[in-house]
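Geometric and topological summary
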Amino acid sequence: MAGGRIRAKFRRSNLYTFACLRPTTTESGEPESLQGPGFSRIVHCNQPNLHKKKPLRYCSNSISTTRYNIITFLPKAFFEQFRRVANIYFLVAAICSLFSISPFTPTSMIAPLVFVLGVSMTKEAIEDWHRFIQDVKVNSRKALVHKGGGVYGNKQWRNLRVGDIIKVEKDKFFPADLLLLSSSYEDGLCYVETMNLDGETNLKVKRSLEVTLGLDSDESFKDFKGIIRCEDPNPSLYTFVGNFEYERQVFPLDPGQILLRDSKLRNTAFIYGAVIFTGHDSKVMQNSTKSPSKRSGIERKMDRIIYVLLSALLGISVISSIGFYIQTKYQMPDWWYLLPQSATTCYDPNKAVASGFCHFVTAFMLYGYLIPISLYVSIEMVKFFQAIFINRDIDMYDDVSGTPAQARTSNLNEELGQVDTILSDKTGTLTCNQMDFLKCSIAGTAYGLKSSEVEVAAAKQIAIDLEQEEDVIFGPTRLGESEIELESIVTPMEGEGNKKVLKGFGFEDSRLMDGNWIREPKAKDILLFLRILAVCHTAIPEINEETNEITYEAESPDEIAFLVAAREFGFEFFRRNQSSIYVREGYPSSENPVEREYKILNLLDFTSKRKRMSVIVRDEDGQVFLLCKGADSIIFDRLAKNGRAYEEATTKHLNEYGESGLRTLALAYKRLDEVEYNAWNNEFVKAKTSIGGDREAILERLSDMMERNLVLVGATAVEDKLQKGVPQCIDKLAQAGLKIWVLTGDKMETAINIGFSCSLLRQGMRQICISITNSEILAQDAQKAIKENILLQITNALQMVKLEKDPHAAFALIIDGKTLTYVLEDDMKSQFLGLAVDCASVICCRVSPKQKALVTRLVKEGTGKTTLAIGDGANDVGMIQEADIGVGISGVEGMQAVMASDFAIAQFRFLEKLLVVHGHWCYKRIAQMICYFFYKNIAFGLTFLYFEAVTAFSGQSIYNDWYMILFNVFVTSLPVISLGVFEQDVSSEICLQFPALYQQGPRNLFFDWYRILGWMGNGLVASAIIFIFNVAFFCSQSFRSGGQTADMMTVGTTMFTCIVWVVNCQIALTMSHFTWIQHAFIWGSIGFWYLFLLIYGMVSPSYTGNVYKILPEVLGPAPSYWMVTLLVTVTCNLLYFSHIAIQRCFRPMDHHVIQEIKYYKKDIQDKIMWTREKSKARQETKIGFTARVEAKMRQLKGRLHKKHLSINSPRMFSTSPS
């Protein structure tokens, strides 16, 4: 494009005072000799073949985020499986089944274990395969690489080597860490977006060494050679130490010449660079951690339960073996029919101890049904189906990008329902990297009628809450709406829906549009304001040759928003060259724009330390002005006495804009005398061209001197566009009782602005800023003094929080990365965490990717509660992997976060349903499923013990082997899977309306020891009832009409029938939500048992033994079989039914109340009651726009109460006696 050709001749470095200070060899002295540990890397530029052999052979550029590879899959996967203690038990049992002492055949023990392990390992392999595919996509990207002779060709990222010369074009990612050699600009300058690394959208300025500026074409690298000696791979994103040897000279390198992998080239046609670090040696990969193997809290607790059951199993096995020892030693010699004189060791009365030991092994296997082998595989299947439901949830599908939600691992589904703290990135996660000019204050007058997203959301909530409060106080017949004056919230009319949406401009106010500002009372101030917008910047215009439209490229999206706003107001910046800016001004007539030139005399650029930028220009009349924009606190400190006319009104507007979540800047100017300017400029030029270590300090002092005695013009309010639905999502998550931390690489001011935008901060909230403020301490490098200073700040803040008496008071903790370096040390992190936990919101700014991971680890380990980290860039990978649950945003800037995540969503707002609905459901489903599993296995397994006790601990099983296989595989597996997949205590709509229901997960109400032991007790009682009733029925009376008594298989089959009925009816009572699938599985499982008995009984007696035709000929005709089945089923489940009935009547849980309301349709019949219940369902929170609304509602209630009293007072006086 034409704009690109203009830029190629444009020496951008002349614009910058501070950002592009280039050290020279003379200035910095001789380059340091880099030797010793930590500085061993040698790179031969344009000679990658030298790096094929050691010691110069470095790692490839291929990256991997998978957990396994072909070699490590089997050992690591087996290790993961046998971390589950139950699997270790069944492995031991399978080995023991190979010996004669086993009560079961080897096949019946080995086959289930192989099946369980196979299913789990297959699932792990499939999930890791998806990660591998994502890695292949990244590694297969193409880069332009010098192949020799000045010829460049495409090569996959995976094949890049250290020393390669790379050509990267505009808007492309850097494939490795590069040394910048040259760019499309004459002075080797380029712009880099590092959002994937540190979350900042502001462009960074990088500049090559002067000695390589001539390498600006493909052919120039034909004979290029150089050597880089530098530091070894390390995770520090902001430091680099090295030397560049070229043409027999040595030049020092610093971070200003380094381009990091996964950052993006912006505003620059192309650059050439030499590869320094590849693959996992690159700084972004050094900041990532190995993909961890995560296990949910429920699964870890399940292991502890298995330990309890194993202990019980060992205990009853010991009891059983002692009983067998006594029987063998003292009673077996009298049992002549067992031939004790010729018995084997396991039944020899003379070797009773050995017999007892043999029986211990037998009992240890026989009672193994206390440990549910199918539990793990059933949970795997349930989680797999839950993941499918998450993936196919239409409410979490993003129409714009066509991206559905994705459960990348299903191991952590239930963990979604137990989250206590969310740690979120900012850029690309909460925001969508777009700034819109929304409002402004000029000469003390506020302009801009359109509301911010925060204002609109808060206004809607106020209206809803106010209506509900009036209903509750006064009943359905409310006071007239006109009696309560709300703040006027202006939103676009329906007729304006067809109005073209302009990116960067959301301003609506006819007083300034279409040249109407000329008729305003203070038009001269408005003119100056608009000129500052159009002139005070470092942006570049680009002209589209086809449409002739002008677009802007700038370091900051704020500047683009200002320029778009200036253009819409009639001041279009359309060209700049080395010394001038050209603006097409709609003044004095908007219909006939005039092109004006402003000569740039000096530009004092923005830095995070200065918090302002200024430009000194000469207009066409020869007058010299300093135009300045910056943070209001900085500008106000620099105002002249006669420049504060609008300070009070502007401050009021700035506070209102801040409350609305807008980013603000103050604008000011200063008219300069020619003599005054020339004197200052001489000193400034002298300082800029000087050589010495104090050059930057002198420049800062001179800049500060010039930027004094300013005249305030006004202020701007820009909306950092949040992603759709972010304020509402944060508000709902806060109502659900979740704590939200923001960890961002942005500067503190930006982070605070976003805090206001998404309602993590609000006016009236006390901000606690922990920072290193004493520059003298920093200069002295007194680490002890710094730490004492920080500790004092934390201690004072803690005391202030503890002493606060106001229940509505809220605190916000804000801390920067430098301070975090000290705070995260062992001797201080507990105090910091204690303060952070007491604050309503926490914002950590200027944090590195490593610090994000460390903060996440601190919260996770320090609180012992479940953490969730969410982000969208490579800089978020560390915290995503460190958190208990990692959620990746599948945004436009790469897929690194998604590849490292456990769950992926397209928008932050989908987190609401992922947690509040799916998390709540998955937690309760898995918790109930596990409790039920233990119940049914105890109910079944203890019948073995009872039978052993009445049969001299013989090791005999009362059940046929096929019955035992059927129990976990067929007759009880499908109902419990349907419970885990389809159960809903309340619908998704109710979950969202009653967010406090979510707290059942973090409080672990459905998987605490009280509930677990209660279910185990239920199983114990059920097993006793089943055994006692069956033995009582069949022991002392005839079973059939012919007078025959029941044999062991008859009793065992009847007992098993009772178990099938009891456990399936129990699960039916447990469920709250039924579909035809649950009915089919529950009653179908019972029917399958009878079908199996019928079919299996038809098989030859040589295979079936006493089961031959047992149903049609033995059990079916006997009334007592059906009678005992009915009696046992009713008796066992009557106890549980009584328990839940009493609980619902006298101690109902939240979801019980909602279920009753919905069942009796009270939500339709009694709206007031339903409204009251919904208001109760909010966790008390001090963040989110609900907290803002509640503050306003406290005021409105007072006004409403006074209004009500004033209405009733005349009535009282009129009815009183005269």
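Small disclaimer: the values here were computed from a predicted structure and weren't measured. (Residues numbered from 1 in each chain as written. Predicted model: local features only at pLDDT ≥ 70, side-chain atom pairs only at ≥ 80, totals over all residues. Heavy atoms only, no water.)

What follows concerns the sheet that holds strand 27 (residues 739-743). An order of 14-33-32-31-15-27-30-29-28 is seen for the nine strands of this open sheet, with the pairing classed as mixed. At either end of the open sheet lies a strand with only one pairing partner, and these are strand 14 (406-407) and strand 28 (766-770). For strand 32 (residues 885-889) and strand 33 (residues 903-905), the ladder comprises three bridges, and the chain directions are parallel. Across the sheet, the residue bridging to I889 is I905, located in strand 33. (Pairing = 2+ DSSP bridges. Helix = DSSP H or I, 4+ residues; strand = E, 2+ residues; numbered from the N terminus.)

When the UniProt feature table is mapped onto this chain, "active site" (unreviewed entry) is found at D425. Each residue touching D425, except ones within four places of it in the same chain, is listed here: L430, L743, T744, K852, I870, G871, D872, N875, D876 and M879. Separated by 3.1 Å, the side chains of D425 and K852 make a polar contact. (UniProt positions renumbered as here; feature names shortened; annotations may be inferred. Contact = heavy atoms within 4.5 Å. Polar contact = N/O pair within 3.5 Å; in protein donor to acceptor, adjacent residues only side chain to side chain.)

With that settled, the discussion passes to the sheet that holds strand 6 (residues 189-193). With antiparallel pairing, three strands are arranged side by side in an open sheet as 7-6-12. In the strand order of this sheet, the two ends are held by strand 7 (203-207) and strand 12 (264-266), each with one partner. Each neighbouring strand pair of the sheet contributes to a mean axis angle of 45 degrees, computed without reference to strand direction. Both strand 6 and strand 12 contribute to a ladder of three bridges, which runs antiparallel. By the bridge assignment, V192 is partnered in strand 12 with L265. (Axes fitted to C-alpha atoms, helices over the stretch in contact; angles between N-to-C directions.)

In the segment running from K54 into P55, the intervening peptide bond is cis, with an omega of 10 degrees. The topology assignment puts P55 in the loop between strand 1 (41-45) and helix 3 (73-81). Despite not being glycine, R248 has its phi angle at roughly 65 degrees, a positive value. When you line up the elements, R248 lands in the loop between strand 9 (242-246) and strand 10 (249-253). A positive phi angle, close to 55 degrees, is found at A443, a residue other than glycine.

Counted under the stated rule, the structure contains 45 salt bridges. For the salt bridge of R638 with D704, the shortest nitrogen-to-oxygen distance reads 2.6 Å. Of this pair, R638 sits in the loop between helix 14 (632-637) and helix 15 (647-659) while D704 sits in helix 17 (residues 695-706), placing them 66 residues apart in sequence. On the accessibility criterion, R638 (10% relative accessible area) is buried. (Salt bridge = Lys/Arg side-chain N within 4 Å of Asp/Glu carboxyl O. Buried < 20%, exposed > 50% of the residue type's maximum accessible area, 1.4 Å probe, protein only.)

Now for the UniProt feature "binding site: Mg(2+)" (unreviewed entry) in the protein. Per the UniProt entry, the sites bearing "binding site: Mg(2+)" (unreviewed entry) are D425, T427, D872 and D876 in this numbering. Judged by maximum C-alpha separation, these annotated positions cover 452 residues in sequence but sit close together in space, the widest gap being only 10.6 Å. Within the secondary structure layout, D425 lies in the loop between strand 15 (419-424) and strand 16 (431-442). Using a relative accessible area of 1% as the deciding quantity, one classes D425 as buried. Mapped onto the fold, D872 is located in the loop between strand 31 (866-871) and helix 25 (877-882). On the basis of relative accessibility, which here comes to 6%, the residue D872 falls in the buried class.

Before going further, it helps to examine the pairing of strand 22 (residues 594-604). Working note: regular strand, side chains alternate between the two faces of the sheet. Inspection of the sheet shows strand 21 (residues 580-585) paired to strand 22 by six bridges, in the antiparallel sense. For R584, the partnering residue across the bridge sits in strand 22 and is E595. Here five bridges tie strand 22 to strand 23 (residues 612-618), and the two strands are oriented antiparallel to one another. Within the sheet, the bridge partner assigned to N602 lies in strand 23 and is I616.

What follows deals with the environment of L253. By secondary structure assignment, the location of L253 is in strand 10. Residue classification places L253 among the buried residues on the basis of a relative accessible area of 6%. Measuring from C-alpha to C-alpha, the distance between L253 and N243 comes to 5.4 Å, with 10 residues separating the pair along the chain. In this structure L253 touches L179, L209, I228, F240, V241, G242, N243 and F244, once residues within four positions along its chain are discounted.

Attention shifts here to the packing of aromatic side chains. Scanning the entire structure with this criterion turns up 48 aromatic pairs. Judged by centre distance (6.0 Å) and plane angle (20 degrees), the rings of F360 and F364 are stacked. On the criterion of helical spacing, the pair formed by F360 and F364 is a turn pair, its members being four residues apart in helix 9 (residues 352-366). A relative accessible area of 16% places F364 in the buried class. (Phe/Tyr/Trp six-rings, centres within 6.5 Å; stacked < 30°, edge-to-face > 60°.)

To continue, consider helix 32 (residues 1048-1070). Under the 1.5 Å per step criterion, the end-to-end length of helix 32 is 33 Å for 23 residues, consistent within 8% with the ideal 33 Å. Of all 23 residues in helix 32, 20 are buried, a share of seventy percent or more. (Expected span 1.5 Å × (residues − 1).)

Between helix 8 (residues 297-331) and helix 31 (residues 1009-1035), whose axes approach to 13 Å, the crossing angle comes to 40 degrees. As far as their axial angle goes, helix 31 and helix 8 are oblique. Seen along the crossing, helix 8 lies across helix 31 with a hand that is right-handed. Between helix 8, through K301, R304, I305, V308 and L309, and helix 31, the contact on the second element is made entirely by W1009, I1012 and M1016. (Parallel < 35°, antiparallel > 145°, perpendicular 65-115°, else oblique. Left-handed = near helix turned anticlockwise from the far one by under 90°.)

With that settled, consider a nonpolar patch on the surface. Judged by side-chain polarity, L91, I95, L98, F99, I110 and V114 come together as a nonpolar surface patch covering roughly 560 Å² of accessible area. Secondary-structure elements contributing two or more residues to the nonpolar patch are helix 4 (85-96) and helix 5 (106-139). Within the secondary structure, I110 sits in helix 5. (Patch = residues over 30% accessible without salt bridge, like charges linked within 9 Å, V, L, I, M, F, W, Y side chains within 5 Å. Areas by Shrake-Rupley, 256 points an atom, 1.4 Å probe, with all protein chains shown as cover.)

This next bit is on the nonpolar core. The nonpolar side chains of a soluble globular protein tend to be buried with one another. Y959 and W1089 are the most contacted members of the largest nonpolar core, which has 106 residues in total. For this core, the element with the highest residue contribution is helix 27 (residues 910-949), accounting for 17 residues. Ignoring sequence-local partners within four residues, the contact set of Y959 consists of F940, T943, F944, M964, G1052, M1055, F1056 and I1059. Within the second largest apolar cluster, 75 residues are counted, among which are A566, F571, F574 and A668. (Core = buried A, V, L, I, M, F, W, Y, C linked by side-chain atoms within 4.5 Å.)

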